[in-house]
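# Descriptive structure summary
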Amino acid sequence: MPAPAPPAPRGAGRGRAPLLLVVPAVVVAAASLVPVVYLFIRAGQGGWAAVTATVWSEPTARLLARSLGLAAAVTGASVVIGVALAWLTVRCDLPARRLWQVVAALPLAVPSYVAAFAYLGSFPRFDGFRAAFVVLTLLSYPYVFLPVAATLARMDPSMEEAARSLGDGPVRVFWRVTLRQLRPAAATGSLLVALYVLSDFGAVSILRFDTLTRNIYLAYQASFDRTPAVVLGCLLLVFTFAIVTAEARTRGRARYHSGRGTHRQAAMVALGRARWAALVVPVSVAVLALGLPAVALGRWLLEAAQLDLDLGRVRHAAWGSLLSSSLGAAVTAVAAVPAALLAARYRGRVAGAVERATYLAHALPGIVIALALVFFSVRLGPLYQRLPVLVFAYFVLFLPLAVSAVYSSAVQAPPVLDEVARSLGRRPLAVLRTVTAPLLAPGVAAGAALVFLTCMKELPATLLLGPTGFDTLATLMWSSTSVAAFGEAALPAFLLVALAAVPTWVLSRRVGVGPAGAAGPRPGTVVPPGPGAGAGRGSG
């Protein structure tokens with residue numbers, strides 16, 4: 001999960017990067033740009049008349065307004081909930097606060113379409129903007145909570161103590177000092193929430209709220225002419241980058257570093273008589289985000305026990321989820337190593353270009369990436385609807401998550417160790433194997449866990465690119481809910497949440513929250529990615 005970036009290690013940027021590192025890093029960055037380039041080429045083939053007819057139309061303007069309005073509303077609400085929960089569970093003497101730190105992160109394990117399906121099944125008239133706003137907010141606030149909680153856990157309390165010594169009260173200290181130090185983490189989390197909402201497909205589809213992503217999918221499925229779908233995808237890309245650019249300019253050069261010396265934990269805020277009353281906040285959020293979907297799934301599981309379920313198909317879907325997610329996580333984590341190492345150890349145009357390129361496609365929704373790869377793989381014949389194309393889609397979508405995790409480990413590994421090994425006669429490959437690789441291992445593992453989690457939840461790319469007859473838990477649940485067979489969807493939804501909860505638990509501990517993470521983020525924790533990157537984005 002995103003957390004404040006550690007400073008670059010001493011020695012970073014010295015010398016010229018070896019070709020052994022530059023070549024694979026450039027190849028990885030170029031591969032991640034294939035869908036973006038092809039998308040614009042395909043849109044141009046439709047002709048400017050078709051492009052302008054799609055862009056300058058009343059339905060497109062309405063869809064754009066609905067998408068941006070939903071993203072703005074969910075982002076604002078997520079910031080309020082995420083910051084409040086982080087403050088209560090990290091800085092206040094809330095009862096069982098370590099437990100609530102973990103519970104507050106768990107909604108990341110719930111795919112948006114699973115929660116939407118649970119809410120709609122429990123309240124059949126709960127649809128439209130209001131429903132999409134509630135469901136997406138309950139599942140998106142952890143993107144703000146996790147980086148803000150990690151920042152609070154490692155924040156130097158000296159500035160707050162200085163403000164109090166000058167006569168400022170608790171509210172004034174929080175508003176003028178603490179909140180300003182939280183601004184970069186909250187801004188990064190806000191960007192992740194906005195990108196998540198813009199790219200969401202499953203929840204808005206189930207809750208019957210028309211957005212750009214839903215209409216891109218419908219335009220692709222309903223017409224032989226895919227030009228409108230491609231043009232809408234490019235339009236979504238343009239506005240996504242506009243949001244990323246606006247966020248970067250708003251954040252500016254804000255940096256808040258702790259002073260030198262031994263890190264001190266900030267004193268707990270005593271809530272007094274309000275200590276138990278404050279529990280209403282985490283309990284309410286947990287009930288709405290986790291409890292209600294769990295109750296609905298439990299009820300449908302009981303109903304499913306009365307049905308003649310095809311358990312063989314469920315086992316096949318579970319195997320498909322594990323197989324495709326494991327392959328996606330392994331390929332992405334390994335591919336991220338040269339790009340992250342180049343960005344962490346060297347400076348210059350090539351290193352900067354590689355780092356930015358790896359983040360570029362991540363700003364695209366899964367359905368847009370899938371459309372680009374459909375057009376690409378159809379022309380290559382044997383690759384269309386084959387597992388390697390699906391794994392490549394996961395690589396493009398989630399590469400920044402792995403790059404961020406590996407980068408964090410790389411900047412904490414002193415380059416001088418490599419230099420010492422080379423001075424002792426070790427060859428470059430031996431240095432990589434015996435010195436660099438062990439130091440990067442925690443970051444690679446964290447990145448693989450994060451990518452595995454997001455691959456498990458991914459829906460639109462899996463729907464369009466999955467091999468014929470290949471099911472995952474996400475696609476099996478989607479096909480059942482599309483015909484209102486909630487009982488049949490309950491078991492794959494339960495298995496999906498249970499499997500996704502494991503990496504979510506591991507990641508919440510690594511970020512520095514939870515029972516084992518009170519001392520702050522561990523080596524390998526994901527750091528704030530570059531523009532457009534996100535942690536844990538599940539394009540469901």
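Rules used in this analysis
Residues numbered from 1 in each chain as written. Predicted model: local features only at pLDDT ≥ 70, side-chain atom pairs only at ≥ 80, totals over all residues. Heavy atoms only, no water. Helix = DSSP H or I, 4+ residues; strand = E, 2+ residues; numbered from the N terminus. Buried < 20%, exposed > 50% of the residue type's maximum accessible area, 1.4 Å probe, protein only. Contact = heavy atoms within 4.5 Å. Areas by Shrake-Rupley, 256 points an atom, 1.4 Å probe, with all protein chains shown as cover. Core = buried A, V, L, I, M, F, W, Y, C linked by side-chain atoms within 4.5 Å. pLDDT = per-residue confidence, 0-100. Phe/Tyr/Trp six-rings, centres within 6.5 Å; stacked < 30°, edge-to-face > 60°. Polar contact = N/O pair within 3.5 Å; in protein donor to acceptor, adjacent residues only side chain to side chain. Arc of directions from axis to C-beta. Salt bridge = Lys/Arg side-chain N within 4 Å of Asp/Glu carboxyl O. Patch = residues over 30% accessible without salt bridge, like charges linked within 9 Å, V, L, I, M, F, W, Y side chains within 5 Å. Axes fitted to C-alpha atoms, helices over the stretch in contact; angles between N-to-C directions. Parallel < 35°, antiparallel > 145°, perpendicular 65-115°, else oblique. Left-handed = near helix turned anticlockwise from the far one by under 90°. Nonpolar A, V, L, I, M, F, W, Y, C, P; charged D, E, K, R; others polar.

### Some words on the overall build of the chain
- Across its full length, the chain carries 24 helices and zero strands.
- Going through the 540 residues of the chain one by one, you find that 55% of them count as buried.
- The contacts of the chain with a sequence gap of at least 6 include a subset with a gap of at least 24, amounting to 86%.
- Carbon and sulfur atoms form 65% of the exposed surface of the chain, whose accessible area is close to 22,500 Å².

### Digging into the nonpolar core
- Ranked by size, the top nonpolar core spans 137 residues in total, and within it Val114, Phe145, Val148, Leu342 and Leu465 carry the most contacts.
- The leading source of residues in this core is helix H19 (residues 387-411), at 16 residues.
- Among residues more than four places away in sequence, those in contact with Val148 are Val83, Ala86, Leu182, Ala185 and Ala186.

### Let's talk about the confidence of the model for the chain
- Looking at the chain as a whole, the pLDDT averages 78, with 83% of positions reaching at least 70.
- Segment residues 1-12: pLDDT under 50, and 44 contacts once partners within four positions in sequence are set aside and those in other chains are kept.
- Residue range residues 514-539 is modelled with pLDDT below 50. Its contacts to residues more than four positions away, or to other chains, number 116 contacts.

### Concerning the packing of aromatic side chains
- Applying the stated criterion to the full structure yields ten aromatic pairs.
- Taken together, the ring pairs connect Tyr119, Phe123 and Phe126 into an aromatic cluster.

### With respect to the side chain of Ser324
- The topology assignment puts Ser324 in helix H16 (residues 311-345).
- On the accessibility criterion, Ser324 (1% relative accessible area) is buried.
- When sequence neighbours within four positions are dropped, the list of residues in contact with Ser324 reads Leu387, Leu390, Tyr394, Phe470 and Thr472.

### Brief notes about the side chain of Thr213
- Of note, Thr213 is situated in helix H12 (residues 212-222).
- Look at Thr213 and you get buried, because its relative accessible area is 1%.
- A distance of 2.6 Å separates the side chain of Thr213 from the backbone oxygen of Asp200, its partner in a polar contact.
- Residues contacting Thr213, with those up to four places away along its chain left out, are Leu198, Ser199, Asp200, Phe201, Val204, Leu236, Pro365 and Ile367.

### Points about the environment of Asp200
- Relative to the assigned elements, Asp200 resides in the loop between helix H10 (170-199) and helix H11 (202-206).
- With 165 residues separating them along the chain, Asp200 and Pro365 place their C-alpha atoms 7.3 Å apart.
- Within the structure, Asp200 has its side chain in polar contact with the backbone nitrogen of Ala203 (distance 3.2 Å).

### A few points about helix H20 (residues 415-423)
- Buried within H20 are the following residues: Pro415, Asp418 and Ala421. Across the axial projection of H20, the buried residues extend over an arc of 115°, all falling on one side.

### A few points about the pattern of salt bridges
- For the coordinates displayed, the defined rule picks out six salt bridges.
- Ionic pairing is found between Asp93 and Arg275, a salt bridge with its closest N-O pair at 3.8 Å. One end of the pair, Asp93, is in the loop between helix H4 (58-91) and helix H5 (97-105); the other, Arg275, is in helix H14 (residues 274-277), with 182 residues separating them in the sequence.
- A residue is classified by how much of its surface remains accessible, and Asp93, at 22% relative accessible area, is partly exposed.

### Overview of a nonpolar patch on the surface
- Among the surface-exposed residues, Val416, Leu417, Val420, Leu424 and Leu439 lie close enough to one another that they form a single nonpolar patch of about 420 Å² accessible area.
- By secondary structure assignment, the location of Val420 is in helix H20.

### Observations concerning the packing of helix H9 (residues 158-165) against H10
- One can describe the packing of H9 onto H10 by two numbers: an axis separation of 10 Å at closest approach and a directional angle of 165°. Between H9 and H10, the angle falls in the class roughly antiparallel. The chirality of how H9 crosses H10 is right-handed. Along the contact surface, H9 presents Met159, Glu160, Ala163 and Arg164, while H10 presents Val173, Val177, Thr178 and Gln181.
- Among the residues making up the contact of H9 with H10, the classes are represented as four nonpolar, two polar and two charged.

### A word on the environment of Val350
- Inspection of the secondary structure assignment puts Val350 in helix H17 (residues 349-360).
- Along the chain, Val350 and Val26 lie 324 residues apart, while their C-alpha atoms are 8.2 Å from each other.

### As for unusual backbone geometry
- Of note, the phi angle at Ala96 is positive, near 55°, even though the residue is not glycine.
- The topology assignment puts Ala96 in the loop between H4 and H5.
- Take Ala96: its relative accessible area is 46%, and that puts it in the partly exposed class.
- With a phi angle near 55°, Arg208 is a residue other than glycine that sits in the positive phi range.
- Within the secondary structure, Arg208 is located in the loop between H11 and H12.

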